[in-house]
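Structural overview for review
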Amino acid sequence: MGRIFSGMQPTSQLHLGNYLGALRNWVALQDSHECIFCAVDLHAITVPQDPVALRRNTREITAAYIAAGIDPERCVLFAQSGVTGHSELSWILSCHTPLGWLNRMTQFKEKAGKHRENAGLGLYAYPVLMAADILLYKATHVPVGEDQKQHLELSRDIAGAFNRAYSVECFPLPEPLILGEATRVMSLRDGTKKMSKSDSSDYSRINLTDDADTIALKVRKAKTDPEPLPETLEALETRPEADNLVTIYAALAEEGRAEILARFAGRQFSEFKNQLVDLAVARLAPMTDRMNRLMADPGEIDRILRRGAERAGEIASRHMAEVHDLVGLLRP
Ligand code: TYM
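Reading the values: the criteria
Residues numbered from 1 in each chain as written. Predicted model: local features only at pLDDT ≥ 70, side-chain atom pairs only at ≥ 80, totals over all residues. Heavy atoms only, no water. Near = heavy atom within 4 Å. Polar contact = N/O pair within 3.5 Å; in protein donor to acceptor, adjacent residues only side chain to side chain. Areas by Shrake-Rupley, 256 points an atom, 1.4 Å probe, with all protein chains shown as cover. 1 Å grid on protein atoms, 1.4 Å probe; cavity = no way out; pocket = protein on both sides within 12 Å on 5 of 7 lines; lining within 4 Å. Sits in = over half its atoms within 2 Å of the grid points. Helix = DSSP H or I, 4+ residues; strand = E, 2+ residues; numbered from the N terminus. Nonpolar A, V, L, I, M, F, W, Y, C, P; charged D, E, K, R; others polar. Axes fitted to C-alpha atoms, helices over the stretch in contact; angles between N-to-C directions. Parallel < 35°, antiparallel > 145°, perpendicular 65-115°, else oblique. Contact = heavy atoms within 4.5 Å. Core = buried A, V, L, I, M, F, W, Y, C linked by side-chain atoms within 4.5 Å. Buried < 20%, exposed > 50% of the residue type's maximum accessible area, 1.4 Å probe, protein only.

As a further point, take the site of the ligand. Looking at the ligand, there are 27 residues lining it, with Tyr 126, Asp 133, Gly 145, Asp 147 and Val 185 nearest. In the environment of the ligand, an oxygen atom lies 3.1 Å from a nitrogen or oxygen atom belonging to the side chain of Asn 18. Contacts to the ligand include Val 185, whose backbone N or O atom sits 2.8 Å from a nitrogen atom. Here the ligand, which alone exposes 710 Å², has 96% of that area covered by the protein. Of the pockets mapped on this structure, the ligand occupies the largest pocket. Elements with a contribution of two residues or more to the shell around the ligand: strand 1 (3-8), helix 1 (16-29) and helix 7 (121-136). Partitioned by chemical class, the residues of the shell around the ligand number eleven nonpolar, eleven polar and five charged.

Following this line, the structure appears as structure tokens:
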């Protein structure tokens, strides 16, 4: 049994991609593993944030974790900024990370866009902080969506570089866990783009806070093509929007995509979408209700986060003492 670590940025509401690609898998893993889950607020500030909104989003993402089924008693659940070891280890690891490795990160290139010279150092160093998150707890497995694969490979490289520098096996090389049917949920407006919090169109994603009418509207407006649903998975390969909706359906129904096609082959998308709306509302509405109830008591959320930070902090300070010894820093 290994140790699981994962986190999400509290930048705005979570969407269906976050849920199907990551959060739902976290819930399943807490039965078999020691789990540590985090709201990565220090990652969020790599791009400008409104302080009031950031605090609210950190509480909201915590409510979403719990509403989805994360048990704060069984798991360690906290906000990244509540444990100082994340920033400290990030600095130490950055001293073991060649610039060339960071220059290969596609997410930095996408986020910095054409104005690379103006991008913040924090945005560039983002993946080192992510490696610190994982290695601070010596996590062995990291459940994420497909888009985090490259960052996870870098975390493994950084762990290896640190271990080699001091001839030790201090950090395990963390394995990504990319699980389920929907490892990369695409935008509802463009099947070639990832569903993302930063897309300017709210119609591109289903948020976990959307009510039933909003979900229905977004699914009905989702881009499709004029053909009916095909019989085979191969036929979906050239139809990204159709593929995405079938994938979402399969993931929500906890069935395979082939089974969904077997049921809907030859039917029109209008009919399929109606069933998808019913399924999405049935799956998401209880979670949204729970989240809203939790958000009515922010004091309780803060208490859960403080308790989680204490528990995380105990593990982190043990490991930081070891890192201090290896590197030649005096113990804190
Ligand atoms: P973030 O906040 O962008 O996304 C949170 C999780 O949701 C997954 N995800 C998706 N999965 C499927 N389809 C999508 N369209 C989709 N969009 C997002 C992401 O893969 C992720 O698992 N860097 C991380 C946060 C992080 C982290 C960590 C993760 C910081 N430190 C340590 C793991 C371990 C991120 O930006 O996630």
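After that view of the structure, there is still more to cover.
Further remarks concern the packing of helix 10 (residues 240-253) against helix 11 (residues 257-264). Relative orientation and spacing of two packed helices are given, respectively, by the angle between their axes and the distance between those axes. Between helix 10 and helix 11, whose axes approach to 9 Å, the crossing angle comes to 105 degrees. Taken together, the axes of helix 10 and helix 11 lie roughly perpendicular to each other. Taken together, the residues of helix 11 that come into contact with helix 10 (itself represented by Asp 243, Val 246, Thr 247, Tyr 249 and Ala 250) are Arg 257, Ile 260, Leu 261, Arg 263 and Phe 264.

Next up on the list: the nonpolar core. Core analysis: the largest hydrophobic core is formed by 63 residues, its most contacted members being Leu 20, Leu 23, Phe 37, Tyr 65, Ile 70 and Phe 272. With eleven residues, helix 12 (residues 269-295) is the single largest residue contributor to this core. Counting 43 residues, the second-largest nonpolar core is a separate cluster that includes Val 40, Phe 78, Leu 93 and Leu 154.

Following the sequence through the fold, Glu 181 ends up in the loop between strand 5 (175-177) and helix 9 (212-221). Under the relative-accessibility criterion, Glu 181 is labelled partly exposed at 34%. As a C-alpha pair, Glu 181 and Gly 256 span 75 residues in sequence and 7.1 Å in three-dimensional space. With residues up to four places along the chain from it excluded, the contact list for Glu 181 reads Thr 247, Ala 250, Ala 251, Glu 255, Gly 256 and Arg 257.

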